[in-house]
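# Examining the three-dimensional arrangement
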Amino acid sequence: MLWELEDPIAGGDAAWIVQVGSVALWLGLVGGLAWWLYRQPQIEPEFVRKTVHIGTGNIILLAWWLHIPAWMAVVASIIFSGIALLSYYIPILPGINSVGRKSFGTFFYAVSIGVLVAWFWALQLPQLAALGILTMTWGDGLAALVGKRWGRHPYQVWGERKSWEGSGAMLGVSWLVGFFVLSGLGLSFGLKLGITFLVALCATVLESFSKLGIDNLTVPLGSAALAWGLLSYF
């Protein structure tokens, strides 16, 4: 059962202090960096958003390595989802969400973390939760920056402008992320290479459908679900 997962870090209350403190410290560092970048007039808002996007996504590694209980991550996901929704109407997160901005990406991002932790912590497969989140964190984050800086060959899906350069970055980075995250599962090199390529290709296709920021939900969930299905099959 999800809520019966034991916390393997010894020390009772001390474990909670380490877990919560580590997460708070990391989020504080990311928030401080974002605030500093936001106050620099030469820094574009997109760069600030992607800095937060990449920085906060790596919280899944802390949750995995510190064995943070599923319930704690789910509660945090609900809280941050609520803050994200408010931020679309009240300028709580300047530089990350613009008031009236037609995207719910931040909300979907927070939701996806809670869903994946609840799903794969229960299955004792935290690697797959990490794979889903980090594919979105690094793949989409760097794809947007590469596309904005070097995108010379655009295409459109659902009215959203993308570039082949950005999608190529998404594919390559997602492949590397998947290969790294699944390295501890004892798979053969060829099988791991094939599975992570298919997952990266799926993530790249899903990322191209980014209307209203829905890719922040479909990419993590789709990537993790496909990886789970392929691992179960093979």
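Residues numbered from 1 in each chain as written. Predicted model: local features only at pLDDT ≥ 70, side-chain atom pairs only at ≥ 80, totals over all residues. Heavy atoms only, no water.

### Considering the overall build of the protein
- Secondary structure summary: the protein contains nine helices and two strands in total.
- When burial is assessed residue by residue, the protein has 44% of its 234 residues classed as buried.
- Residue pairs at least 24 apart in sequence account for 69% of intrachain contacts in the protein once pairs closer than 6 positions are excluded.
- For the protein, the accessible surface area stands at approximately 12,000 Å², while carbon and sulfur atoms represent 71% of it. (Helix = DSSP H or I, 4+ residues; strand = E, 2+ residues; numbered from the N terminus. Buried < 20%, exposed > 50% of the residue type's maximum accessible area, 1.4 Å probe, protein only. Contact = heavy atoms within 4.5 Å. Areas by Shrake-Rupley, 256 points an atom, 1.4 Å probe, with all protein chains shown as cover.)

### Structural notes on the environment of F180
- Take F180: it is sitting in helix α7 (residues 164–181).
- The exposure class of F180 is exposed, given its relative accessible area of 56%.
- With 16 residues separating them along the chain, F180 and T196 place their C-alpha atoms 9.4 Å apart.

### Quick look at unusual backbone geometry
- Even without being glycine, Q124 reaches a positive phi, approximately 60 degrees.
- Locating Q124 in the fold gives a position in the loop between α5 (105–122) and α6 (126–150).
- By relative accessible area, which is 54% here, Q124 ends up exposed.
- Of note, L212 is a non-glycine position whose phi angle comes to about 60 degrees, a positive value.

### Observations regarding the packing of aromatic side chains
- A full pass over the atoms with the stated rule returns nine aromatic pairs.
- Measuring from ring centre to ring centre gives 6.4 Å for W64 and W65, while their planes differ by 40 degrees; the resulting arrangement is tilted.
- Summarising the aromatic geometry, the rings of F107 and F108 are spaced 5.6 Å apart at their centres and angled 50 degrees between planes, so their arrangement reads as tilted.
- The class for F108 is buried, based on a relative accessible area of 16%.
- Site record: aromatic cluster; members linked through ring pairs are W119, F120 and W228.
- Here K192 stacks its cationic end above the ring of F179, 4.3 Å away from the centre of that ring. (Phe/Tyr/Trp six-rings, centres within 6.5 Å; stacked < 30°, edge-to-face > 60°. Lys NZ or Arg CZ within 6 Å of the ring centre and 35° of its normal.)

### Some thoughts on the nonpolar core
- Judged by nonpolar contacts, the single largest core of 31 residues is most densely connected at I60, V117, W121, L134 and V181.
- For this core, the secondary-structure elements that each account for two or more residues are α3 (59–65), α4 (70–87), α5, α6, α7, α8 (189–208) and α9 (215–233).
- If you look at the next biggest cluster of nonpolar residues, it comprises six residues, including Y109, M136, A203 and V219. (Core = buried A, V, L, I, M, F, W, Y, C linked by side-chain atoms within 4.5 Å.)

### Some points on a nonpolar patch on the surface
- Judged by side-chain polarity, W16, W71, V75, I79, F80 and I83 come together as a nonpolar surface patch covering roughly 540 Å² of accessible area.
- Looking at the nonpolar patch, the element that brings in the most residues is α4, giving five residues.
- Relative to the helices and strands, V75 resides in helix α4.
- What makes V75 partly exposed here is its relative accessible area of 39%. (Patch = residues over 30% accessible without salt bridge, like charges linked within 9 Å, V, L, I, M, F, W, Y side chains within 5 Å. Salt bridge = Lys/Arg side-chain N within 4 Å of Asp/Glu carboxyl O.)

### Let's talk about the environment of A122
- Topologically, A122 is positioned in helix α5.
- Sequence separation between A122 and A70 is 52 residues; the distance between their C-alpha atoms is 8.0 Å.

### Considerations on the confidence of the model for the protein
- Here the protein averages 86 in pLDDT, and 89% of its residues register 70 or above.
- Low pLDDT (under 50) marks residues 1–11, which in the prediction has 19 contacts with non-local residues, meaning those over four places away or in another chain. (pLDDT = per-residue confidence, 0-100.)

### Re the pairing of strand β2 (residues 160–163)
- The pairing of strand β1 (residues 154–157) with β2 spans four bridges and is antiparallel. Opposite P154, over in β2, you have S163 as the bridge partner.
- In textbook terms, the turn of a hairpin is the stretch between consecutive antiparallel strands, and for β1 and β2 this stretch comprises two residues, one of which, W158, has a positive phi near 55 degrees. (Pairing = 2+ DSSP bridges.)

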